[in-house]
Amino acid sequence: MQTLHRLPERPDPLLTIVVPCFQEEQTIPEFHQRITRVVRDLSVSCEILYIDDGSNDRTADLLRHYQDGSAVRCLFLSRNFGKEAAMSAGIDHARGSALIFIDVDLQDPPELISTMVDYWQRGYDVVNMQRSLRTGDSWLKRMSARGYYWIMQRLVDMVDLPTDVSDFRLIGPAPVFALRALDERSRTLKSLIGWVGFRTIELSYNRTARHAGNTKWNAAGLFNLAIESILSFSRKPLRIFSFISFGLFISSICYLLAAFVAGSFDIHHLLVVIASFMCVGVAMVGEYLGVTLTEVKRRPLYFLKRNSKTSPVTLHPPSSSIESKKC
Ligand code: UDP
Ligand code: MG
């Protein structure tokens with residue numbers, strides 16, 4: 001095991017760097033070395049929070065070796081829940097008032113963190129890192145990402161989702177507070193962060209190849225992620241179905257009337273009308289289910305921006321500076 005790069009004690013950090021890890025024994029040592037170097041030179045006090053997402057290689061052992069209970073802390077999930085759940089655990093357990101999410105495989109260069117912190121201190125609440133080059137990703141990954149953003153931008157109407165933003169981002173105290181107020185189970189952080197709003201900037205970077213090991217995503221996983229995002233943020237698919245079935249119903253009534261007038265009516269015409277009528281019924285049930293889903297989530301109706309006169313870098317903003325209202 002390599003020598004430890006100890007960081008100074010951080011009883012009350014301003015920033016938490018959340019690092020989800022799953023089967024990453026090959027990447028963690030190099031990542032830890034680079035991140036500790038970055039953290040040491042940062043202008044704000046900072047803790048590193050590793051989350052072991054139920055790995056069964058040496059990941060947990062390595063993390064246990066690095067944790068010091070102060071500047072480096074670890075959470076160990078009981079099994080592999082997926083990156084989204086690991087990041088949510090990070091949001092729940094971070095001690096810093098602002099968060100940075102970063103992958104441990106070094107596709108996101110830790111050295112960019114100081115630039116992200118600079119933008120935060122200049123008053124941005126969310127600093128998204130946007131991949132200008134994806135030299136480290138396979139052709140399939142690049143194409144599926146392009147398809148994902150194409151579909152999302154057409155189907156998801158409630159969220160501002162810039163293309164090619166990764167999970168590598170900084171979120172300030174106000175959006176962290178807002179995210180903690182969202183209690184829904186089915187969640188994709190990328191869309192939720194877009195949904196809560198606040199002053200946001202995209203900075204481009206080159207996403208390089210993995211330091212070691214393989215990606216944990218496959219086509220089925222990416223497809224599931226896309227479906228989750230669409231279902232949690234859009235009722236458009238239901239609405240499209242409603243329009244089509246209503247159109248079908250109207251045209252089948254016209255068809256029936258035309259058959260009556262032409263004297264060519266038979267029982268099949270009636271069956272077409274009944275089938276399209278049932279489609280309208282299913283669409284209606286879907287619409288009501290869609291509304292119920294929105295109600296069950298009980299997302300706050302809005303969040304107020306922090307008072308713009310206060311300094312952007314404030315520890316634990318006073319509860320009056322940001323308010324939420326439940327539906
Ligand atoms: N990861 C995780 N749980 C999982 C899958 C991945 O915590 O079930 C972590 C992984 O260790 C890495 C980050 O999420 O730090 C990104 O994973 P990966 O590199 O496989 O995804 P890609 O970069 O290909 O999108
Ligand atoms: Mg990766």
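Every chain is numbered on its own, with residues counted from 1 as its sequence reads. Lettering of chains starts at A and numbering of ligands starts at 1, both following the order in which they are written. Per-residue local features are limited, in this predicted model, to residues with pLDDT of at least 70; the limit for side-chain atom pairs, both in listing and counting, is 80 or more; totals at the level of whole chains, interfaces and linings are taken over all residues. With hydrogens and water excluded, all non-hydrogen atoms of the structure serve as input to the side-chain values.

Caption draft 1: Inspection of the confidence of the model for the protein at higher detail. The predicted model of the protein has a mean per-residue pLDDT of 80, with 84% of residues at 70 or higher. Here strand E9 (residues 324–325) stands out as the element of the protein with the lowest mean pLDDT, 44, in contrast to strand E4 (residues 98–101), whose mean of 96 is the highest. Per residue, pLDDT measures the predictor's confidence, with a range of 0 to 100. Throughout, a contact is declared for two residues whenever any of their heavy atoms are within 4.5 Å. With pLDDT under 50 throughout, residues 307–327 is counted as low confidence; its partners more than four residues away or in other chains account for 40 contacts. The secondary structure listing takes helices from DSSP runs of H or I that are at least 4 residues long and strands from runs of E that are at least 2 residues long, numbered from the N terminus.

Caption draft 2: Structural detail: the packing of helix H5 (residues 139–155) against helix H8 (residues 219–233). Where H5 contacts H8, the axes come no closer than 11 Å and their chain directions differ by 10°. In terms of orientation, H5 lies roughly parallel with respect to H8. The handedness of the crossing between H5 and H8 is right-handed. For the pair formed by H5 and H8, the contact residues are Lys141, Ser144, Tyr148, Ile151, Met152 and Leu155 on the first element and Leu222, Leu225, Ala226, Ser229 and Ile230 on the second. The convention used is that axes are lines fitted to C-alpha atoms, helices contributing only their stretch in contact, and that angles between N-to-C directions extend from 0 to 180 degrees. Reported orientations rely on four angle classes, namely roughly parallel under 35 degrees, roughly antiparallel over 145, roughly perpendicular from 65 to 115, and oblique for the rest. If you view the pair so one helix is near and one far, a crossing is left-handed when the near helix is turned anticlockwise from the far one by less than a right angle, and right-handed when it is turned clockwise.

Caption draft 3: Here's a closer look at the packing of aromatic side chains. Geometry of aromatic contacts follows a simple scheme: Phe, Tyr and Trp rings, the Trp one being its six-membered ring, pair when their centres are within 6.5 Å, and the pair is stacked under 30 degrees between planes, edge-to-face over 60, tilted otherwise. Under the criterion given, the structure shown has four aromatic pairs. On the basis of an interplanar angle of 45° and a centroid distance of 5.4 Å, the ring pair of phenylalanine 249 and phenylalanine 277 is categorised as tilted. Placement of the pair is phenylalanine 249 in helix H9 (residues 236–262) and phenylalanine 277 in helix H10 (residues 267–297), with a sequence separation of 28 residues. Burial status follows relative accessibility: with a 1.4 Å probe on protein chains alone, a residue under 20% of its type maximum counts as buried, one over 50% as exposed, and anything between as partly exposed. Residue classification places phenylalanine 249 among the buried residues on the basis of a relative accessible area of 17%. Comment: the charge-over-ring label is applied if NZ (Lys) or CZ (Arg) is within 6 Å of the ring centre and within 35 degrees of the ring normal. Its end group placed over the ring of phenylalanine 76, arginine 64 keeps NZ or CZ at 4.8 Å from the ring centre. The ring centre of tyrosine 119 lies 4.3 Å from the NZ or CZ of arginine 122, which sits over that ring.

Caption draft 4: View of the site of ligand 1. What surrounds ligand 1 is a group of 18 residues, the closest being Glu24, Asp53, Arg207, Thr215 and Lys216. Pairing of N or O atoms within 3.5 Å defines a polar contact, subject to two protein rules: one partner must be a possible hydrogen donor and the other a possible acceptor, and residues neighboring in sequence count only if both atoms are side-chain atoms. Proline 20 places a polar main-chain atom, nitrogen or oxygen, 2.8 Å from an oxygen atom of ligand 1. At 2.9 Å, a backbone N or O of phenylalanine 22 approaches an oxygen atom of ligand 1. Expressed as a share of its isolated accessible area of 530 Å², the protein-covered part of ligand 1 is 94%. Ten residue types, Ala, Val, Leu, Ile, Met, Phe, Trp, Tyr, Cys and Pro, are classed as nonpolar, four, Asp, Glu, Lys and Arg, as charged, and the remainder, Gly among them, as polar. Taken together, the residues of the shell around ligand 1 sort by class into five nonpolar, four polar and nine charged. Residue proximity to a molecule or strand is established when one non-hydrogen atom of the residue lies within 4 Å of it. Under the convention used here, a 1.4 Å probe and the Shrake-Rupley method define accessible areas, while residue burial counts only the protein chains that appear.

Caption draft 5: Here's a closer look at the nonpolar core. By nonpolar core is meant a set of buried Ala, Val, Leu, Ile, Met, Phe, Trp, Tyr and Cys residues that side-chain atoms within 4.5 Å join together. Leu15, Ile17, Val19, Tyr50, Ile100, Ile113 and Val117 are the most contacted members of the largest nonpolar core, which has 38 residues in total. When neighbours within four sequence positions are excluded, isoleucine 100 is seen to be in contact with Leu15, Thr16, Ile17, Val18, Ile113, Met116, Val117, Phe168, Arg169 and Leu170. Ranked by size, the runner-up nonpolar core spans 34 residues in total, among them Leu75, Ala86, Val156 and Val159.

Caption draft 6: Representation of the packing of helix H1 (residues 28–41) against helix H2 (residues 59–66) within the structure. Running from amino to carboxyl end, H1 crosses H2 at an angle of 25°, the nearest separation of the two axes being 11 Å. As far as their axial angle goes, H2 and H1 are roughly parallel. Handedness of the H1/H2 crossing: right-handed. Contacts between H1 and H2 involve Ile28, Pro29 and His32 from the former and Thr59, Leu62, Leu63 and Tyr66 from the latter. When grouped by side-chain class, the residues that make up the contact of H1 with H2 number five nonpolar, two polar and no charged.

Caption draft 7: Looking closely at a nonpolar patch on the surface. A surface patch of nonpolar side chains, about 980 Å² in accessible area, is lined by Ile253, Leu257, Phe260, Val261, Phe265, Ile267, Leu270, Leu271, Ile274 and Met278. Where the nonpolar patch is concerned, the elements lending two or more residues are H9 and H10. Looking at which element gives the most residues to the nonpolar patch, the answer is H10, with five residues. If you trace the backbone, leucine 271 turns up in helix H10. Residues forming no salt bridge and having over 30% relative accessible area are the ones grouped into patches, like charges within 9 Å of each other and nonpolar side chains (Val, Leu, Ile, Met, Phe, Trp, Tyr) within 5 Å. Each salt bridge in this description consists of a side-chain nitrogen of Lys or Arg and a carboxyl oxygen of Asp or Glu lying within 4 Å of one another.

Caption draft 8: Region of interest: the coordination of the magnesium ion (ligand 2). Distances from the magnesium ion (ligand 2) to its protein donors, namely Asp105 (OD) and Gln107 (OE1), fall within the range 1.9 to 2.1 Å. Residue class for glutamine 107 comes out buried when judged on its relative accessible area of 6%. Coordinating N, O and S atoms are those within 2.8 Å of the metal (3.2 Å for Na, K and Ca), and as water is not part of the atoms, a site may appear to have fewer donors than expected.

Caption draft 9: Focus on the state of the cysteines. Our working definition of a disulfide is a cysteine sulfur pair at a distance within 2.5 Å. The tally for this structure, following the rule as stated, stands at zero disulfides. With no disulfide of its own, cysteine 21 lies 8.1 Å from the sulfur of cysteine 74, the closest cysteine sulfur.

Caption draft 10: View of helix H4 (residues 113–121). Regarding H4, the residues found buried are Ile113, Met116, Val117, Tyr119 and Trp120. Mapping the buried residues of H4 onto a view down its axis gives an arc of 160°, with all of them on the same face. In the segment just after H4, glycine 123 is the residue with positive phi, at about 115°. An arc is given here, and it is the one of the directions from the helix axis to the C-beta atoms.

Caption draft 11: Molecular detail of the environment of leucine 140. Its location among the elements puts leucine 140 in helix H5. On the basis of relative accessible area, leucine 140 is assigned to the exposed category, the value being 54%. C-alpha separation for the pair leucine 140 and asparagine 218, spaced 78 residues apart in sequence, amounts to 9.5 Å.

Caption draft 12: Up close: the side chain of serine 55. On the secondary structure map, serine 55 appears in the loop between strand E2 (46–52) and H2. Residue classification places serine 55 among the buried positions, given a relative accessible area of 13%. Within the structure, serine 55 has its side chain in polar contact with the backbone nitrogen of glutamine 23 (distance 2.9 Å). A distance of 2.5 Å separates a polar atom in the side chain of serine 55 from a polar atom in the side chain of aspartate 52.

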